[in-house]
There are 2 protein chains.
Amino acid sequence: MKEYRVGIVGATGAVGQVALELLESRKFPVGELRLFASARSVGKTLPFKGTQIPLLPLSQDAFAGLDFVIFSAGATRSREFAPAAVKAGAVVIDNSSAYRMSPEVPLVVPEINPGDLKLHKGIVANPNCTAAILGTAIWPLHQRAGIKRIVVSTYQSASGAGAQAMAELESQVKQYAAGQPLTRSVFPHQIAFNVFSHNTAIGEDGSNEEETKVREELRKMFHVPGLPVCITCVRVPVLRAHSEAVVIETEKPLSPEEAREILSQAPGVTLIDDRKANYFPMPIEASGKLDVLVGRIREDLSNPGGHGLALFVSGDQLLKGAAWNAVQIAEELIK
Amino acid sequence: MKEYRVGIVGATGAVGQVALELLESRKFPVGELRLFASARSVGKTLPFKGTQIPLLPLSQDAFAGLDFVIFSAGATRSREFAPAAVKAGAVVIDNSSAYRMSPEVPLVVPEINPGDLKLHKGIVANPNCTAAILGTAIWPLHQRAGIKRIVVSTYQSASGAGAQAMAELESQVKQYAAGQPLTRSVFPHQIAFNVFSHNTAIGEDGSNEEETKVREELRKMFHVPGLPVCITCVRVPVLRAHSEAVVIETEKPLSPEEAREILSQAPGVTLIDDRKANYFPMPIEASGKLDVLVGRIREDLSNPGGHGLALFVSGDQLLKGAAWNAVQIAEELIK
């Protein structure tokens, strides 16, 4: 079996560490592994298949000989170093927002648009976590009935802001338990016992950057340039899975029963929709799962005769929302 | 100044205690105060204006001479004892769902439909917390532009399930901090670090009871029988204020600027809408406030030309969502 030389940029980050675990657990045919980290981590090691892999400094000539490089160290790092990795002959799978909307870069969720992978010129972009989770859940319904409008409110976990943000939520909870004042340095507001509008800048149309990403990335992945999307992105005190309350309007009629049937067989999706037991997708159950959980499927009662459905989605932000989708892309590329 | 003889049924509950505090802080002209509680609390006392008021057992003949009785001990208690209070000559202000949809019982938020108070025949119903908070926020927009559709996702606090539910969230957080397993007895699922679909039974149309209440109560308070409402009610690990991501569609055009202007002057509402500072309504800031916080007002980008607005609301579930609205009703009735 052919083996591949793989690099991870941002190996010590929340997404990088999960990507490393997945390469091992998925038995990805890794021949050589190069783990890149920031200066303060260089010299340390991370475990992979029972051995300790050294953390290396990032440089323009660090990529020679690599087949794949997974970037998850933020858009600035990707812009600075991804071109060098491509020049060295590697395929870059970029978790950052740097290249997602570049026309020459495919933006791929393998369950949605695997065909776009063929168009890559060295870089494949991994979508925003909220967009990947939402897209995976509703794409099968779009294929059947043609989605013409999406209204979504999110319940986003701390992990989307990185490992330090998760630590801040844990630390605030411990401070609360100890009767101490709650301190913060990552989020602009207290995250424990609170919810707040997503902490990205607000643009002229009133959307924050997260909301704009989800809207534009869904349109690109679905190949529907003007797809109408109304989205409100909200942080909640959850550690690592995002949830989303979704309302869709479709061109063709689509009953809750049909939607349930479609989603029960869709790739990348697990249906959890037990009305009697009041059991639906929850972030604590989505955490650690590769699949996106979908349920609470019902008619949109505000849209009678208008082909509307409401549903609830939970997906692991670090897995389908980031590292798993990236590793899935690598798996597709070596098929 | 005339004084009134007031009773509180469920005085030791989360809502009852806040009602008691409000009667004092609002300087409601209380002549006599009777506090009713369950058998296990009888004999204990609660403080009011510097004196200790004894907790009394509830009985059919406990209401003689009272002018107002605030009921907040659940629908079963209200059905059993409210008629006796009315018979004794008191006006019942009922926090439970028992009488809200009865045609002869006005369901009132004083900022919305104070005129309905005149129609009471002894019982005035206090709306569901989510409906009261949502209604207060969007009623001024409805008056101006005529709301014809509402899509809302909620971020509901533990307090909506009572004092024991708040204690369960605190206890789980303390267990987490101590590295212990998280236990639960009130909610059907872990509430710390989780979100879940509202823990009420699901009806045939797929709505849970909370969602049905909000839909029906808004229609009744707004006097718009068929108002189209799509609502997803979700619990989040927040202690006592509910938040709601709201999308409305209006008959007449309504720009975000106009909506902001209207809400900046509306009664019962505080506008918090600072895009530059990324500062919007949050439950930790709504907690303890009589007003409902409203902000993040922007165009619904999925509804171009269709007069759509998105906004975010936070309101104290125990105040505007329950006890404050009840005391406000009493204040209106003695005007």
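Definitions and cut-offs
- Residues numbered from 1 in each chain as written.
- Chains lettered and ligands numbered in written order.
- Predicted model: local features only at pLDDT ≥ 70, side-chain atom pairs only at ≥ 80, totals over all residues.
- Heavy atoms only, no water.
- Helix = DSSP H or I, 4+ residues; strand = E, 2+ residues; numbered from the N terminus.
- Rg over C-alpha atoms; globule rule 2.2 N^0.38 Å.
- Buried < 20%, exposed > 50% of the residue type's maximum accessible area, 1.4 Å probe, protein only.
- Contact = heavy atoms within 4.5 Å.
- Areas by Shrake-Rupley, 256 points an atom, 1.4 Å probe, with all protein chains shown as cover.
- Lys, Arg positive; Asp, Glu negative; His and termini not counted.
- Charge placed at Lys NZ, Arg CZ, Asp CG, Glu CD.
- Pairing = 2+ DSSP bridges.
- Axes fitted to C-alpha atoms, helices over the stretch in contact; angles between N-to-C directions.
- Phe/Tyr/Trp six-rings, centres within 6.5 Å; stacked < 30°, edge-to-face > 60°.
- Lys NZ or Arg CZ within 6 Å of the ring centre and 35° of its normal.
- Buried area = accessible area lost by both parts, 1.4 Å probe.
- Salt bridge = Lys/Arg side-chain N within 4 Å of Asp/Glu carboxyl O.
- Polar contact = N/O pair within 3.5 Å; in protein donor to acceptor, adjacent residues only side chain to side chain.
- Nonpolar A, V, L, I, M, F, W, Y, C, P; charged D, E, K, R; others polar.
- Expected span 1.5 Å × (residues − 1).
- Core = buried A, V, L, I, M, F, W, Y, C linked by side-chain atoms within 4.5 Å.
- Least-squares fit on C-alpha atoms with pLDDT ≥ 70 in both.
- pLDDT = per-residue confidence, 0-100.

**Describing the overall build of chain A**
Part 1 of the argument: Looking only at helices and strands, chain A features eight helices and 15 strands.
Part 2 of the argument: Against the globule reference of 20 Å for 335 residues, chain A gives a C-alpha radius of gyration of 20 Å, in line with a compact fold.
Part 3 of the argument: If one aligns the C-alpha atoms of chain A with their principal axes, the spans along those axes are about 60 × 55 × 40 Å.
Part 4 of the argument: In chain A, buried positions account for 61% of the 335 residues.
Part 5 of the argument: Put simply, of all contacts in chain A between residues at least 6 apart along the chain, 65% involve residues at least 24 apart.
Part 6 of the argument: When the accessible surface of chain A is totalled, it reaches about 12,300 Å², and 52% of it is carbon and sulfur.
Part 7 of the argument: Counting 34 positive and 35 negative side-chain charges, chain A places the averaged centre of each group 2 Å from the other.

**Considerations on the sheet that holds strand 14 (residues 292-299) of chain A**
All names here are of chain A.
Part 1 of the argument: If you trace the six strands from one edge of the open sheet to the other, you get 10-8-12-15-14-13, paired in mixed fashion. On the outer flanks of this sheet lie strand 10 (229-232) and strand 13 (269-271), each paired with one strand and no other. Neighbour-to-neighbour, the strand axes of the sheet open up by a mean angle of 25°, direction not taken into account.
Part 2 of the argument: Note that strand 14 and strand 15 (residues 308-316) share five bridges and pair antiparallel.

**Remarks on the packing of aromatic side chains**
Part 1 of the argument: Taken as a whole, this structure holds 19 aromatic pairs over all chains when the rule is applied.
Part 2 of the argument: Taking 4.4 Å as the distance between ring centres and 50° as the angle between the ring planes, the aromatic pair formed by Tyr176(B) and Phe193(B) counts as tilted. Linking Tyr176(B) in helix 4 (residues 163-177) with Phe193(B) in the loop between helix 4 and strand 9 (196-197), this pair joins segments that are 17 residues apart in sequence.
Part 3 of the argument: Judged by relative accessible area, Tyr176(B) falls into the partly exposed class, the value being 23%.
Part 4 of the argument: Following the ring pairs from residue to residue traces out a cluster consisting of Tyr155(A), Phe312(A), Tyr155(B) and Phe312(B).
Part 5 of the argument: In this arrangement the basic side chain of Arg296(A) is found over the ring face of Phe280(A), its NZ or CZ atom lying 5.5 Å from the centre.

**A short note on the interface of chain A and chain B**
Part 1 of the argument: Contacts between chain A and chain B engage 61 residues on the former and 61 residues on the latter.
Part 2 of the argument: Across the chain A to chain B interface the summed buried area is about 5,000 Å²; carbon plus sulfur atoms make up 60%.
Part 3 of the argument: Our count for the contact surface shared by chain A and chain B stands at four salt bridges.
Part 4 of the argument: Of the charged contacts, one joins Asp300(B) and Arg149(A) as a salt bridge, the two residues approaching to 2.7 Å between their closest N and O atoms.
Part 5 of the argument: For the pair chain A and chain B, the number of links is 25 residue pairs in polar contact (both at pLDDT 80 or more).
Part 6 of the argument: Split by residue class, the side of chain A that touches chain B holds 31 nonpolar, 18 polar and twelve charged.

**A word on the side chain of Asn278(A)**
Part 1 of the argument: In this fold, Asn278(A) is placed in the loop between strand 13 and helix 7 (283-286).
Part 2 of the argument: Assessed through its relative accessible area of 13%, Asn278(A) is described here as buried.
Part 3 of the argument: A polar contact is formed between the side chain of Asn278(A) and the backbone oxygen of Thr200(B), at a distance of 2.6 Å.
Part 4 of the argument: When residues no more than four places from it in sequence are discounted, the contact partners of Asn278(A) are His189(B), Ser197(B), His198(B), Asn199(B), Thr200(B), Ala201(B) and Ile202(B).

**Quick notes on helix 5 (residues 209-222) of chain A**
Part 1 of the argument: An ideal rise of 1.5 Å per residue puts 20 Å on 14 residues; helix 5 of chain A measures up with 20 Å between its terminal C-alpha atoms.
Part 2 of the argument: Buried residues in helix 5 of chain A make contact with helix 3 (129-145), strand 8 (147-155) and strand 10 of chain A together with strand 14 (292-299) of chain B.
Part 3 of the argument: Just downstream of helix 5 of chain A, His223(A) is the residue with a positive phi angle, here 60°.

**Structural notes on the nonpolar core**
Part 1 of the argument: Counting 96 residues, the largest nonpolar core has Leu23(A), Leu33(A), Leu35(A), Leu23(B), Leu33(B) and Leu35(B) as the members making the most contacts within it.
Part 2 of the argument: The contact partners of Leu23(B), leaving out residues within four places of it in the chain, are Val6(B), Ile8(B), Phe28(B), Val30(B), Leu33(B), Phe48(B) and Val327(B).

**Focus: the relation of the copies chain A and chain B**
Part 1 of the argument: Once turned by 180° and shifted 0.0 Å along the axis, chain A lies on chain B with an RMSD of 0.0 Å. In the structure described here, the two chain copies are related by an operation that fits a two-fold rotation axis.
Part 2 of the argument: Both copies share a contact surface, since 100% of the interface residues of chain A are interface residues in chain B too.

**Focus: the environment of Gln175(B)**
Residue and element names in this part refer to chain B.
Part 1 of the argument: Positionally, Gln 175 belongs in helix 4.
Part 2 of the argument: Here Gln 175 falls in the buried class, since its relative accessible area comes to 13%.
Part 3 of the argument: C-alpha separation for the pair Gln 175 and Ala 192, spaced 17 residues apart in sequence, amounts to 10.0 Å.
Part 4 of the argument: Once residues within four sequence positions are removed from consideration, Gln 175 is found in contact with Gln 180, Pro 181, Leu 182 and Thr 183.
Part 5 of the argument: Among the polar contacts made by the side chain of Gln 175, one reaches the side chain of Thr 183 at a distance of 2.7 Å.

**Digging into the confidence of the model for chain A**
Part 1 of the argument: Averaged over chain A, the pLDDT score is 97; the fraction of residues at 70 or greater is 100%.
Part 2 of the argument: Here the predicted complex scores 0.97 on pTM and 0.96 on ipTM.

**Quick word on the side chain of Lys320(B)**
Residues and elements named next belong to chain B.
Part 1 of the argument: Structurally, the position occupied by Lys 320 is in helix 8 (residues 319-334).
Part 2 of the argument: Accessibility expressed as a relative area gives 1% for Lys 320, which makes it buried.
Part 3 of the argument: Among the polar contacts listed, one links the side chain of Lys 320 to the side chain of Asn 325, at a separation of 2.8 Å.
Part 4 of the argument: Setting aside residues no more than four positions away along its own chain, Lys 320 makes contact with Val 109, Pro 110, Glu 111, Ala 132, Thr 136, Leu 290, Val 292, Asn 325 and Gln 328.

**Quick look at the sheet that holds strand 2 (residues 30-37) of chain B**
Residues and elements named next belong to chain B.
Part 1 of the argument: If you trace the seven strands from one edge of the open sheet to the other, you get 3-4-2-1-5-6-7, paired in mixed fashion. A single partner strand is all that each edge strand has here, and the edge strands are strand 3 (45-48) and strand 7 (123-125). Averaged over all pairs of adjacent strands, the angle between strand axes in this sheet comes to 25°, irrespective of strand direction.
Part 2 of the argument: Bridging between strand 6 (residues 91-94) and strand 7 involves three bridges; their strand directions are parallel. From the neighbouring strand, Val 92 faces strand 7, where its bridge partner is Ile 123.
Part 3 of the argument: Along the sheet face, helix 2 (residues 75-87) touches strand 5 (68-71), strand 6 and strand 7 and points at about 175° away from the line of strand 5.

**A closer look at the pattern of salt bridges**
Part 1 of the argument: Enumeration according to the criterion identifies 21 salt bridges over all chains in this entry.
Part 2 of the argument: Glu211(A) is the salt-bridge partner of Arg296(B), the closest N and O atoms lying 2.5 Å from each other. Note that Arg296(B) is positioned in strand 14 and Glu211(A) in helix 5, a pairing that runs across two chains.
Part 3 of the argument: Across the pair Arg100(B) and Glu217(B) runs a salt bridge, and its minimum N-O distance is 3.0 Å. Of this pair, Arg100(B) sits in the loop between strand 6 and strand 7 while Glu217(B) sits in helix 5 (residues 209-222), placing them 117 residues apart in sequence. Here the two residues Arg100(B) and Glu217(B) agree in accessibility, since each one is buried.

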